[in-house]
Number of protein chains: 4
Amino acid sequence: MSRRVIVDTDTAGDDTQAILLLAAADSIDLEAVTVAPGNVEFDYHVENAKYTLDVAGLAGEVPVYEGARRPLVKDHEHVPHIHGEGGLGGDFFPDTGVPSADGFAPDAIAEAARESPGEITLCCIAPLTNVALALRREPELNELLDEVWVMGGAVNTLGNDTPSAEYNFWADPDAAKMVVRELDVNLVDWGLTVRDATFEAEFLDRLAEIDTEYSEFYRTATKRVREFSRERRGEDATTQPDSLTAACLVADDELVTESSRYFVDVDEREGMTRGYSLVDELGITDGEPRTRVVESVDEDLFRAMFESMLAEGAPEKPL
Amino acid sequence: MSRRVIVDTDTAGDDTQAILLLAAADSIDLEAVTVAPGNVEFDYHVENAKYTLDVAGLAGEVPVYEGARRPLVKDHEHVPHIHGEGGLGGDFFPDTGVPSADGFAPDAIAEAARESPGEITLCCIAPLTNVALALRREPELNELLDEVWVMGGAVNTLGNDTPSAEYNFWADPDAAKMVVRELDVNLVDWGLTVRDATFEAEFLDRLAEIDTEYSEFYRTATKRVREFSRERRGEDATTQPDSLTAACLVADDELVTESSRYFVDVDEREGMTRGYSLVDELGITDGEPRTRVVESVDEDLFRAMFESMLAEGAPEKPL
Amino acid sequence: MSRRVIVDTDTAGDDTQAILLLAAADSIDLEAVTVAPGNVEFDYHVENAKYTLDVAGLAGEVPVYEGARRPLVKDHEHVPHIHGEGGLGGDFFPDTGVPSADGFAPDAIAEAARESPGEITLCCIAPLTNVALALRREPELNELLDEVWVMGGAVNTLGNDTPSAEYNFWADPDAAKMVVRELDVNLVDWGLTVRDATFEAEFLDRLAEIDTEYSEFYRTATKRVREFSRERRGEDATTQPDSLTAACLVADDELVTESSRYFVDVDEREGMTRGYSLVDELGITDGEPRTRVVESVDEDLFRAMFESMLAEGAPEKPL
Amino acid sequence: MSRRVIVDTDTAGDDTQAILLLAAADSIDLEAVTVAPGNVEFDYHVENAKYTLDVAGLAGEVPVYEGARRPLVKDHEHVPHIHGEGGLGGDFFPDTGVPSADGFAPDAIAEAARESPGEITLCCIAPLTNVALALRREPELNELLDEVWVMGGAVNTLGNDTPSAEYNFWADPDAAKMVVRELDVNLVDWGLTVRDATFEAEFLDRLAEIDTEYSEFYRTATKRVREFSRERRGEDATTQPDSLTAACLVADDELVTESSRYFVDVDEREGMTRGYSLVDELGITDGEPRTRVVESVDEDLFRAMFESMLAEGAPEKPL
Ligand SMILES: [Ca+2]
Ligand SMILES: [Ca+2]
Ligand SMILES: [Ca+2]
Ligand SMILES: [Ca+2]
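Keep in mind that this is a model prediction, so the values were computed, not measured.

Q: Looking at this structure, I do not really get the packing of aromatic side chains. What am I missing?
A: The description of an aromatic ring pair rests on the distance of the ring centres and on the angle between the ring planes. The full count for this structure, using the stated rule, is 34 aromatic pairs over all chains. On the basis of an interplanar angle of 80 degrees and a centroid distance of 5.0 Å, the ring pair of F199 of chain D and F306 of chain D is categorised as edge-to-face. Remark: F306 of chain D occurs in helix α13 (residues 299–312) and F199 of chain D occurs in strand β7 (residues 198–200); sequence separation between them is 107 residues. One exposure class covers both F199 of chain D and F306 of chain D, and it is buried. These aromatic residues form a ring-pair network of at least three members: F199, F203, Y218, F302 and F306 of chain A.

The following block contains the structure:
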């Protein structure tokens, strides 16, 4: 039986690959895409999500629900320099004409969970505004869901948005705080991404030889982030936080080689630690070790899954 | 033509009188009651709202929508010592058997506003969780509403929940911040309540002679808050923040004798100023003077309206 | 026997009158002037203090100690628009040639207290940086002092520097927090100043007829603040926070008509409530009611003292 | 010519080894020891410093100045479970009878710097209260000092006091903020300590075979912290943050293999990130890259220096 997954995404850059991976995985039934407010204009995220489904051959089939157009409490400027204007490399602005589904993304999440208790898994690869709103709508959300996977935080390591914070947690720190406090989260953080899900030039060249629609779309969508990596980190590389999260969701047993439960909290205050993810690895605080933090993955397997997805639309083939 | 009003309430104590006042006012069409998380258990608030509508002869007619069961981001303990266990004096626990309306309170607010642009007025006499959630659901909410009245804050004066904060703003400071930042609010604060809407022993004795169902309910619902006032402030008095807000909404021209627009913000941080309402009376900051703060009301007229409501169900008679 | 007083001052505007009042009071032995970092350049404050002592005929006799040149932890911009460039109205820049005393102001405070336990009273009419530094140098400072009078805070009322804060507490909120937590303070706040120590046009005209050096200096020093009051508050008036504090210190029994002990704390955080003075008038928190807040003074007596000081150098004559 | 060093220490555990290392280094002239408030009672720290000098044969020769007895603004509980009651393993309470030097530690620092501009190096291995107080006493402190070495912070890694903070920065976050903002600091952080200055069982056994007074004192002083490491981290190891800092100061050229200048700031707020050290490794913020962060040391050389110090009192021999 397939697992039913809703992916909550600010579709830009690697979000596209996460969606493709879930769409292409045989073991997954992609139930819906919900769009969250992220680092380009909201309407771009919506259209990017639809286009990505179109690439996967699922446009119009998998509903795309629009969610909150801005973060819960604290606002922020958009930073299009990371994924490029529009979020897909900077030069590409799809226009699918596919209509959005009726309904508000947080409702779609809450209602799917209510209708099928224990069957829905959330794949959260965006600021967590929609999930937080779903939590206030449905207090039993945690019990009603199967699994919750979140890309977010920087576990006792340097952040990517500020020195203290990863983008998703920084962009809506209040929502992130609510989610880690109220849901049983499987966390894929920025540190793991840097360690185990960074594609460097050699592998990128290899992927470049794959001649499929998926592969071409990958190059388009990550063009700008690759440049950005060169500028900021001096490395010709792309990072795959969102597709790593999707891959862990799909192949937890095979891919995740180390994980632990820790108490996790998020600093929701404005100031130098906005969006900081406190992760109590030593059990110093008296917080409950509720969040499962993925600490290591089989890097080769992840690359194999990714390559197989681009080449054959079959991410699970290497499993 | 009647004005259409939705009242968002954590029905307990004076909320009941605000609902009765709106229900009884000829110029008002009470569209819906939405229930917010307040200082007793949520289900008590819901039942108290239904019972209050029952007293007004509107049970089953005016829908009661249940909203969020807890504040947006920051939680708090309930403080039943103020309005008594259950919220209606401590000894009275109604059980109307009236079902709640289908739908989530924030949706009900957003949908009413969308369906009738410019026609709906909100009367917010509770922590602002539901209104904040409606804002994220409907970004155009401010433009879609007629008026927004909020009971909240302590304008450059001592608070009632902590020295720095009034209860509604303190209980959900994140929601309060969102609301004053994103809606054109008419604000009735705790300071105005103390100055112009405090009923002392003499007037309370006079109200006690009124022998109606409304009047009896009033005595029941405020029994505990009157005791509390004696304990905390050494005064035999009740305060009427919520019914004052409703009265201002009903009779702005006649009742409000002074008001000004100021920049208002709310401190959403935990700590000693959680829920503090900054009100820039001197224009020191560069914030936009958006909130209309009611600074003075005709105290005698308010009493007359209240008395007429209890005695004859006709709050507008003295106008 | 005279009471020995050290005045800690950012000499500008009304600080001068406080110093003159203490210098002229027969019951007071002005032991030293210590200079704190305030709202004009530090060296102006130092020279203004020396000039004020010169007016009082005490230059070179009462030592002037220089203290910290900037606040403890958090910095701020100077705001010369309030007291004018230089702090004495804007056009007057004294140059006495009097040397500063050897030693650091916080040491002078700590050492005087150690040498004469129970004999020294502090009159603090500036940001509390020096007093805080004295506290860390001498842990027993509270026990060693006679009385501590502080001008600072805005007790449950609008501030003068920001809506939430009075200037002295805002300028060095960390120091203010330390002082109210660790010393037994008699507090004269901005609210009291507005209520009971605001000189309006009529009284100012009367003072203008006094033809003495003191009186002339008063007009010079407050010229700019009077203009500022017109601009900001639309009132032709001057406020006398510092001289009121000195007067209360001199004539507590006669002048202070109402006072209470409350728990007081200061918000030292950056942000909208920097320097906010929490004053728990209702005993809501479990903080110790340690600070004596002056709530009302005999306004006529204060004016009489002030007038008598300007006219005859005899502030205590009306007592 | 010897370099003149003042060590500011909350003498307990590894502080003793840092003092011994500085005392024993031929290239160093240990000018003074100043005692800061740390994690056992202040008087223990003072006596431990004197005893350590006694072991080094310098008791009475190198002055020990007592500093502030508590942190600048925010207080904390002592945590004797880390270094044991008294700070030297738990069972050892020296009583040297050596008097403290006259004067306040922050003054001693400021005055030495003034008297010998450019000649004094600070070795700060404690909460930075004294250094912060010296800064407010002497605004030119940075220009007057030669070098400033600070053990503190956790550079984008897990803290040791809380998940977000290292002890020295946590214990007096306000002082730490002032120091990194106002002095040109060479920073040795907790992360470097874990990576390059952790002695494990094998090396500890080897040190145990050294039969000198120094060596015996080392075992006594670190007994408790070794047990603590077993309890908390499940490792039989000791960490040497303070002696590593002293060693880097002594042998910067030989020992420090990697270092970079970054913008560093400290979160002084109460809450989950109290004492957090923001280190902008990627230059994301617009803060000035002022602090030199030691990122890697020659671990073998450090061990050789340490062993040579214990065995022969000659830490510089391996250089
Ligand atoms: Ca994303
Ligand atoms: Ca209410
Ligand atoms: Ca002053
Ligand atoms: Ca230390």
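Q: Help me understand the pairing of strand β5 (residues 145–151) of chain B, please; the structure alone is not making it clear to me.
A: Along a regular strand, successive side chains alternate from one face of the sheet to the other. Residue and element names in this part refer to chain B. Buried residues dominate β5, accounting for five of its seven residues. Across four bridges, the pairing between strand β4 (residues 120–125) and β5 is parallel. Looking at β5, one finds that L122 is bridged to V148. In this structure, β5 lies alongside strand β6 (residues 185–188), joined through four bridges in parallel fashion. By the bridge assignment, V150 is partnered in β6 with L187.

Q: It is not clear to me how the relation of the copies chain D and chain C should be interpreted in this structure. Could you clarify?
A: The two chain copies are related to each other by a rotation about an axis together with a translation along it. Take chain D, turn it by 180 degrees, move it 0.0 Å along the axis, and it overlays chain C with an RMSD of 0.0 Å. Expressed as a symmetry operation, the mapping of one chain copy onto the other fits a two-fold axis. The rotation axis passes nearest to the C-alpha of R269 of chain D in chain D, at a distance of 3.4 Å. A shared binding surface is used by both copies, with 100% of the interface residues of chain D retained as interface residues in chain C.

Q: So what exactly am I meant to see when it comes to the coordination of the calcium ion (ligand 4) here?
A: For a metal with four tetrahedral donors the ideal donor-metal-donor angle is 109.5 degrees, while six octahedral donors give ideal angles of 90 or 180 degrees. All names here are of chain D. Donor atoms from the polypeptide that coordinate the calcium ion (ligand 4) comprise D10 (OD), D15 (OD), D15 (OD), I125 (O) and D242 (OD), at 2.2 to 2.5 Å from the metal. Linear spacing of the donor residues for the calcium ion (ligand 4) on their chain is D-x4-D-x109-I-x116-D. In this pair, D10 is assigned in the loop between β1 (3–9) and α1 (15–24) and I125 in strand β4 (residues 120–125), connecting sequence segments 115 residues apart. Residue classification places I125 among the buried positions, given a relative accessible area of 1%.

Q: What exactly am I supposed to notice about the pattern of salt bridges here?
A: Opposite charge on two side chains permits them to pair, given that their charged atoms come into close proximity. Here the structure, examined in full by the defined rule, presents 112 salt bridges over all chains. Here E147 of chain A makes a salt bridge to R3 of chain A, at a shortest N to O gap of 3.2 Å. Of this pair, E147 of chain A sits in strand β5 (residues 145–151) while R3 of chain A sits in strand β1 (residues 3–9); the two residues are 144 residues apart in sequence, bridging distant segments of the chain. Relative accessible area serves as the criterion here: at 23%, R3 of chain A is assigned to the partly exposed category. Here D91 of chain A ties to K223 of chain A by a salt bridge, and the two come within 2.5 Å at their closest N and O atoms. Residue D91 of chain A is found in the loop between β3 (64–66) and α3 (105–115), and its partner K223 of chain A is found in helix α10 (residues 213–233); the two are separated by 132 residues along the sequence. Judged by its relative accessible area of 58%, D91 of chain A is exposed. Under the relative-accessibility criterion, K223 of chain A is labelled partly exposed at 36%. Connected via shared salt-bridge partners are K74 and D174 of chain A together with K177, R181, D265 and E268 of chain B.

Scoring rules and cut-offs
- Residues numbered from 1 in each chain as written.
- Chains lettered and ligands numbered in written order.
- Predicted model: local features only at pLDDT ≥ 70, side-chain atom pairs only at ≥ 80, totals over all residues.
- Heavy atoms only, no water.
- Phe/Tyr/Trp six-rings, centres within 6.5 Å; stacked < 30°, edge-to-face > 60°.
- Helix = DSSP H or I, 4+ residues; strand = E, 2+ residues; numbered from the N terminus.
- Buried < 20%, exposed > 50% of the residue type's maximum accessible area, 1.4 Å probe, protein only.
- Pairing = 2+ DSSP bridges.
- Least-squares fit on C-alpha atoms with pLDDT ≥ 70 in both.
- Contact = heavy atoms within 4.5 Å.
- Donors = N, O, S within 2.8 Å, 3.2 Å for Na, K, Ca; no water.
- Salt bridge = Lys/Arg side-chain N within 4 Å of Asp/Glu carboxyl O.

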